[in-house]
Structure formats: C-alpha cells, structure tokens
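# A look at the structure
Each chain, letter by letter, is given below.
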Amino acid sequence: MSVHDVFTPGDYPQYTYVERNQGEYERNLEFQLRGSAAIISLSGPSKSGKSMLINNVIDKLDYDLITVHGSNIGSVSDLWSSTLNELDAPHNTEVRTAKEDETTKNGKAGINTGVLNAGGGGKKRSQESSEKLESHRRRGLSQVVDTVDLDEFVLFIDDAHYIDQSIHPNIAESIKDAYERGMSICVAFIPYRSDDLIRANPDLSGRIDAISLDYWNEDDLMEIGKKGFKKLNLYPKDLVISNLARESIGSPHLMQKLCLEVCNEIGVLEKQEEMRPLDVTKEDIRQVLRRTGRGLDYSSIFEIMSGGAAKRGGQRNSFNFGRQESGDVYDVITRVIASDPPKLTLDQSEIIDSVDDVCLSESPQSGNLTQAIKRVDKWISESNGDEHVFEWVDDRKNLEIPDPYLVFYARWSDQLNIEPSLH
C-alpha cells in the first residue's frame, strides 16, 4: 500500500475519513436526501471537506451524484449544459419518425379485391409510408429530468459563491423549478455567503435545508494523521500530529497534504511491515512546512495584498517590524495574516491586537488600516476572478480569508522574513 493511497489531498479519503461531531453532519445530510426532493445549502470554509461529506453520504445511499462547479456557471443555460455534460448526454439527438398516408383512387375497370369490390367508377385505397428525420438540440433542465431517476439523483453545485451575483436570481429560480419537478440539489457555499439563494429568491425561504460545517478543530485534524499513519504502521508522537494540525488552519485537505509530505521527508513510500515509531523532529516538520509553502503559487495575490501598484505611487509611512525589517500599511496587513496563531477570520479587535504585535513602535491608525484592507479587497476582486480569497465583511467588521492555503503561504513561503512558532 502506497502512502498516496492513504493520504489523499483532493481525492476521497478512503482510509482517513473522519466523521465530526459523532457523525452529525452525515446523519443530517442523509436524512434530508432521503426525502422526495430537497434543496440543501451546505456551507463551510474552502477545502473544509464539503465535497467529501456529500460523496460519503451519496455512497451510503447508493444514489447517482453529478457535480458542477460554480466557476463554470455564467448563466442558467451553463448550469444545465454542465449537468448534461457530466451525464454524457449528446449535444444533438436525431429522431426518425414514420408516417403512413392512405390514398384513394377512382377505378375505371371492374376489379375485385379482398378489401373492396369495385366496378367501373369504383374506388381503391392504398397505404404509402414515409420517414422523417428530425434533429433536436439539448433541452436544458427538461432533458436532465427526462434522463435521470430523480428518486436516486443529486445535483451538487460546488463553490457556488463563484457564480456572479448578477445572475443569482435566475439561477435561484431555475433551482426552484428543478426542485418542484422532484430533483434534489445540494449547493455549497463559503460560510458568509450561505444565504445567497434566499436573498436572490425569497420564495425559496422555508424550502432550503441549511447544513453549516464549522472550521475543523485540531482534534479532528489530528485524527486524520492518527488514522493514516496507523494504516501505514507508523506511530507518531502527539506533538508531531498537533503541529501539523495547527498549521492546517482548519483544512482537512491541507492536513492530508502535510502528512503526505512528512512521509516524503523521512523517505517512507509504502506501508511498513510492522508497527514502528514515526521518527520526526521539529526541524523535520519545519522543513516540511517550508517546502510545502514554497511549492504553492499565490505570488500574484500576495503582490496585490502587499500593495502592488500602490507602492509605486510615492512615499508611504514606514513601520518597524524588527530584524531590520520595515514596510508600509499593506506590509502590515500581510504580517497580520501570517501572525500566530494562524486564523481564517479576524475581527477588528483581533486585527488591532495583531498590528500591535507586528509593529515594534508606531503602528497604522485603525481607520487607515481598515481603508487599506478595503482597497486590497477591491483590487483582488477586480483581478483574475480571484475574488474569494480575501474579503472585508463590512457589516461584521471581519477580515475573511476563505482559502487556508493563502494563510499557509503567507506563513511558510519565502515572501516574508518571519519564523512562525511551533509547539
């Protein structure tokens, strides 16, 4: 058995699946999908296991699951075209129809048939057949409904927050139509966008069942490592697993990747013949974290977060970070994101506390800091469609970093001259 069979970032974790909260999420989702039709809003942080959860439940129910991604949906037509693509439905179908016409002719000589006796002036009937070939294009939702068994079918719209808000009303109306025809639809959002469907179409209120996945805590993430290493006949120290879980920042996907990289670091490629200790030092862990951070590519986003073009606009206030490091307000923001302990959500008070830790003397005023964060949010939203990796939620006064890999990159790549702490 290969280590890649055990630790599977991006694929279904056959050996390391963890049911959180005594399987509460699985039970709730299974219960809703056993009904005749359902609309389920499944919310949770990016790479938090939403797709793994639905795959686990669908496997138990032995239903058919089709997954389409929000980034590929620019219209209602795209939604159902993507679904039909996943169903391998042809783009055009040809229908051949046969038609028989009965004709009657006047007789001129006396004849005797088995159907009609006719003398001079009599009539004779005959049948003439013809065929007609018609080509039909795809019919969207109607064709999906005709193609699948709705009692054992679920449509999963993953990363629905990538769907442009301008078409939300149309998408919500089409989802409502599909539900009324008997289809079950599960829609995955990041947490603070979980009410997008109801906001787009208030008629869906009362028809949507919401399941909210919290960030994974360290104990649940540690369970991934314990299960996986045990399967490989390796026994790790709790401190090793704890550090990996902490730096996974609530993401089982990242935990899987870090455990896999640990195996690479110590040269373990296959299951061991007998149980033995996992011999990993703190320096080994640091090497794993650094190598993983350097292997990520968030350089373009990080440049925007660091001020990008604004840095070329003239002189800005400089703040002292220590270790002969200094920078402007945007550099302060990146260091706040990379601060200990790693977090995906920072409220205004946490940001101010982190700024005081980052800056050794003078620090940016809170108003200037908030305006800079809003500018970064705007710049990222306008760049390459990566609008959901950094967001200032104004009504909550929260900075949200929905992608844990971005926080990990800030901490462990070479972009910042920092040394995050380990246990």
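Here the structure is a predicted model, which means the values were calculated and not measured.

What counts, and at which threshold
- Residues numbered from 1 in each chain as written.
- Predicted model: local features only at pLDDT ≥ 70, side-chain atom pairs only at ≥ 80, totals over all residues.
- Heavy atoms only, no water.
- Phe/Tyr/Trp six-rings, centres within 6.5 Å; stacked < 30°, edge-to-face > 60°.
- Helix = DSSP H or I, 4+ residues; strand = E, 2+ residues; numbered from the N terminus.
- Buried < 20%, exposed > 50% of the residue type's maximum accessible area, 1.4 Å probe, protein only.
- pLDDT = per-residue confidence, 0-100.
- Contact = heavy atoms within 4.5 Å.
- Lys, Arg positive; Asp, Glu negative; His and termini not counted.
- Salt bridge = Lys/Arg side-chain N within 4 Å of Asp/Glu carboxyl O.
- Polar contact = N/O pair within 3.5 Å; in protein donor to acceptor, adjacent residues only side chain to side chain.

We describe a pair of aromatic rings using the distance from one ring centre to the other and the angle between the two ring planes. Applying the stated criterion to the full structure yields 5 aromatic pairs. Aromatic pair tyrosine 298 and tyrosine 409: ring centres 5.8 Å apart, planes at 45°, arrangement tilted. Taken as a pair, tyrosine 298 in the loop between helix 11 (282-294) and helix 12 (299-305) and tyrosine 409 in helix 16 (residues 404-412) lie far apart in primary sequence, 111 residues in all. Classification of tyrosine 298 by relative accessible area gives buried; the value is 14%. Ring centres of phenylalanine 302 and tyrosine 409 lie 5.7 Å apart, and the angle between their planes is 70°; this geometry places the pair in the edge-to-face category. Of the two residues, phenylalanine 302 is situated in helix 12 and tyrosine 409 in helix 16; the sequence distance between them amounts to 107 residues. You'll find phenylalanine 302 and tyrosine 409 in the same group, each marked buried.

Right, let's talk about the confidence of the model for the chain for a bit. The share of residues in the chain with pLDDT of 70 or more is 87%, and the mean pLDDT across the chain is 88. Across residues 108-120, where pLDDT falls below 50, the model places 17 contacts with residues more than four positions away in sequence or in other chains.

Time to look at the side chain of arginine 138. By the secondary structure assignment, arginine 138 is in the loop between strand 6 (123-137) and helix 5 (141-147). It is aspartate 88 that comes nearest to the buried, bridge-free arginine 138 among opposite-charge side chains, at 7.5 Å. At 3.2 Å, the side chain of arginine 138 forms a polar contact with the backbone oxygen of proline 90. In contact with arginine 138, not counting residues within four places along its chain, are Ser81, Leu84, Asn85, Ala89, Pro90, His91 and Gln143.

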